[in-house]
Amino acid sequence: MSSKAQILAAVLANQPAKLPQPVFEPFSPQGQNNLDVFVKTAKGIGSSLHFFSGMQEVKNLITSSFSVGRIISPLAELSDIAETDFADLDAHTLENVELGVFKAHFGVAENSALWVTEALLGKRVSPFICQHLMLLVNKTAILQNMHQAYDSIGEADYDFGTFIAGPSKTADIEQSLVLGAHGPRSLVIVILG
Amino acid sequence: MIQELKHHATLADDFNQNEDRVGWHDDTLWWIREKRDKIAWQVPDWELLRDAASNIKDHVLSNLNPYLVQFEANAIANGITVHWAADAAEHNQIVLNILREKEINKLVKSKSMLTEECHLNDFLAENGVDVIDSDLGERIVQLAEEPPSHIVLPCIHKKKEEIGQLFHKHLGTPEGNSDPQLLTEAARHHLRETFLSRKATVTGINFAVAETGEFVVCTNEGNADMGAHLADVHIACMGIEKIIPERKDLGVFLRLLARSATGQPITTYSSHFKKPRENQEMHIILVDNGRTKQLGREDFRNSLKCIRCGACMNTCPVYRRSGGHSYHYAITGPIGAILAPNLDMEKYADLPFASTLCGSCTNVCPVKIDIHQQLYKWRQVIVQSGYAPKAKVLSMKAMAFTFSSPFVYHTAGKMGRAVLKYAPFTVNNKFNPWYKQRDMPEPPSASFGEWYKKNRN
Ligand code: SF4
């Protein structure tokens, strides 16, 4: 018997009597300002925030804060200051990217996580390999919690997607928090609108 | 890395040699436990979430067969190759075969407790494959040639000066420098090189979604993603109990996991892998290694609900003062003490006794596993099967005698207090394990029995 057949048979023999799939009704506090909670949570885990009305301000921020180094972004609006056609490059060649700028589908207030999928990233590795990361999210796209997040994702078909909350970090050395473990050293969140 | 067979009490003694370290370990883990409390209390429906997580996992265990079949079919439809391994040896062989076929002899690995359980690194090293662990804590214990001592905080037993020395020796950092910022920066450079040069990666899996065939990997460092998105071959390993029914169930588990583990609202990255990249090979290995057996043990099957958050370790008074290595098993702490005897009752007979049964683990567990009750039940199974650790047999006999007669119980208590008060040296000696590195507490002037008699009206 193959291992697969053997394992499945053993599971079938040993699994307890069927229990129904539970129905979970999440509790959503009313009257909460999701944006306020998002901002507070994001700051609490080391992200920095900007409120801008349009892409020109985003550009100004980028040119003033990241004057040296390679910048990538799939956003056409940034084509004059960033490489926008990196999607077909070998992933390893992104190794020297200083800043990556991407749009996020939405943000989640309770943990300040931003949901991005491969379609928004150009390449899967791009939000991880860059030294600094900037994510743009619409003011109206801040949801309360992870249940709303998955409601919003629904049946969407993506090849790869990830929630990103804050800069990459570690506390493995005596629990001292250090930002910039393997991924970006900083996360800049721009709230648009 | 293979330790000679020593039992929990002896290994805890080793750890207790250094009192400062024990104090630091104890305080630090308790601090993490407090962070967990603080953030959990900010979630108004925390207890509802724990109920939901527990119910979903119960439901999964009772339908595991169809869910595994569904998950495999969807993963294959997504372009992922699925393997099944009955035990650790088969799992390790599958990994090696995939690498051999691609003529790859270097691997970068992110944290996976399953591969620790299977001793994958040792096996691959014996077969000429070089493995580098990319989680910082795991890299540190790997350089120290030690196993991780905690499932979430692998090098929590190490002081920064020791890490500084290790890095000086292996990564060339300045001698005597133990600044966490500098050491982390050195590891970042060293591991970036590794990510860029390795063609294959192994990751663990936190959750595997039957409905969609995708799997989720959570890290703070981003090391699983750096490995997976740069490598040509991604091998993801999971125990068969990691299945959840639907994508939306992730909402429940991702709200609980990081809050329970480290007191964070969520890990930095919660990555959903559904399909391989173009020209990339993605493999999933579904591993049994004793899990189906545990599923059949009615009293212990609940342990398969574990999401490996580590909260039961951080809160455990025994773990905090005995250190993870005293459990001599890949999964340490209270949950490890339930999982290990399932694999080898004789070898791990000591572990269910390494607990005060205070129940703190059960109170913090995000999937509501009745941890302390299972430990208690294991003791009975182990004793009945004739594997009880010797010291425990003697003290249990004395305990049975003491508890069997109210007269002996009361007299023994009175005598105990008198001895503590008047002849503490007879208790504070090496025959009493609790005295090691500790002073016995001041004896109360009245025992509970006496106090109750006086105050019950
Ligand atoms: S048993 Fe519960 S508390 Fe312990 S690691 Fe598993 S999920 Fe966390």
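About the criteria used
- Residues numbered from 1 in each chain as written.
- Chains lettered and ligands numbered in written order.
- Predicted model: local features only at pLDDT ≥ 70, side-chain atom pairs only at ≥ 80, totals over all residues.
- Heavy atoms only, no water.
- Axes fitted to C-alpha atoms, helices over the stretch in contact; angles between N-to-C directions.
- Helix = DSSP H or I, 4+ residues; strand = E, 2+ residues; numbered from the N terminus.
- Left-handed = near helix turned anticlockwise from the far one by under 90°.
- Contact = heavy atoms within 4.5 Å.
- Nonpolar A, V, L, I, M, F, W, Y, C, P; charged D, E, K, R; others polar.
- Pairing = 2+ DSSP bridges.
- Core = buried A, V, L, I, M, F, W, Y, C linked by side-chain atoms within 4.5 Å.
- Buried < 20%, exposed > 50% of the residue type's maximum accessible area, 1.4 Å probe, protein only.
- Domains from an automatic or database assignment.
- Polar contact = N/O pair within 3.5 Å; in protein donor to acceptor, adjacent residues only side chain to side chain.
- Near = heavy atom within 4 Å.
- Disulfide = S-S within 2.5 Å.

Caption draft 1: The arrangement of the packing of helix 9 (residues 160-171) of chain B against helix 10 (residues 180-197) of chain B in detail. Residue and element names in this part refer to chain B. Remark: helix 9 packs on helix 10, axes separated minimally by 11 Å, with the N-to-C direction vectors making an angle of 35°. The handedness of the crossing between helix 9 and helix 10 is left-handed. Here Lys160, Ile163, Gly164, Phe167 and Leu171 of helix 9 lie close against helix 10, whose contacting residues are Pro180, Leu183, Ala187 and His190. Tallied by class, the residues present in the contact of helix 9 with helix 10 amount to 6 nonpolar, 2 polar and 1 charged.

Caption draft 2: Fine view of the sheet that holds strand 5 (residues 207-209) of chain B. What the 8 strands build is an open sheet, ordered 7(A)-4(A)-5(A)-8(A)-9(B)-6(B)-5(B)-8(B); its pairing is mixed. A single partner strand is all that each edge strand has here, and the edge strands are strand 7 (142-143) of chain A together with strand 8 (243-244) of chain B. Note: strand 4 (residues 106-108) of chain A against strand 7 of chain A, 2 bridges, orientation parallel. Among the inter-strand pairings, Val108 of chain A is bridged to a residue of strand 7 of chain A, identified as Leu143 of chain A.

Caption draft 3: Representation of the packing of helix 1 (residues 3-14) of chain A against helix 4 (residues 64-77) of chain B. Running from N to C, helix 1 of chain A and helix 4 of chain B cross one another at 145°; their axes reach a closest spacing of 8 Å. For the pair helix 1 of chain A and helix 4 of chain B, the contacting residues are Lys4, Leu8, Val11 and Leu12 of chain A in the first and Leu64, Asn65, Leu68, Val69 and Glu72 of chain B in the second. Partitioning the contact of helix 1 of chain A with helix 4 of chain B into residue classes produces 6 nonpolar, 1 polar and 2 charged.

Caption draft 4: Representation of the nonpolar core. Phe163 of chain A together with Phe215 and Ile243 of chain B are the most contacted members of the largest nonpolar core, which totals 152 residues. Among the domains, domain 1 (2-19 + 310-364 + 371-384) and domain 2 (43-158 + 199-292) of chain B are the pair contributing at least three residues each to this core. With near-sequence residues (within four places) excluded, Ile243 of chain B lies in contact with Lys57, Val60, Leu64, Tyr67, Leu68, Phe71, Ala208, Ala210 and Met238 of chain B. By size, the runner-up hydrophobic cluster in this structure holds 23 residues, among which are Ile94, Leu124, Val202 and Cys237 of chain B.

Caption draft 5: The environment of Thr203 of chain B, seen in detail. All names here are of chain B. Mapped onto the elements, Thr203 comes out in strand 4 (residues 200-203). When the C-alpha positions of Thr203 and Met238 are compared, they lie 9.0 Å apart, and in sequence the two are 35 residues distant. Within the structure, Thr203 has its side chain in polar contact with the side chain of His234 (distance 2.9 Å).

Caption draft 6: Highlighting the site of the ligand. Close contacts around the ligand come from 13 residues, with Cys306, Cys309, Gly310, Cys312 and Cys365 of chain B the closest. Here the shell around the ligand is composed, by residue class, of 11 nonpolar, 1 polar and 1 charged.

Caption draft 7: View of the side chain of Lys242 of chain B. Residue and element names in this part refer to chain B. Tracing the backbone through its elements, the reader meets Lys242 in the loop between strand 7 (233-239) and strand 8. Assessed through its relative accessible area of 9%, Lys242 is described here as buried. When residues no more than four places from it in sequence are discounted, the contact partners of Lys242 are Ile205, Asn206, Phe207, Ala208, Cys306 and Arg308.

Caption draft 8: View of the state of the cysteines. Residue and element names in this part refer to chain B. Within the structure shown, the criterion is met by 0 disulfides over all chains. Here Cys361 stays unpaired: no disulfide links it, and the sulfur of Cys358, its closest cysteine neighbor, is 6.2 Å away. Here Cys361 falls in the buried class, since its relative accessible area comes to 8%.

Caption draft 9: Broad picture of the environment of Glu174 of chain A. Locating Glu174 of chain A in the fold gives a position in the loop between strand 9 (169-170) and strand 10 (178-179). Each C-alpha atom, one on Glu174 of chain A and one on Ala149 of chain A, is 34 Å from the other, the two residues being 25 residues apart in sequence. Dropping the residues within four chain positions of it, Glu174 of chain A is found in contact with Trp24, Lys158, Lys159, Lys160 and Glu161 of chain B.

No statement about biological role is implied by the geometric values presented.
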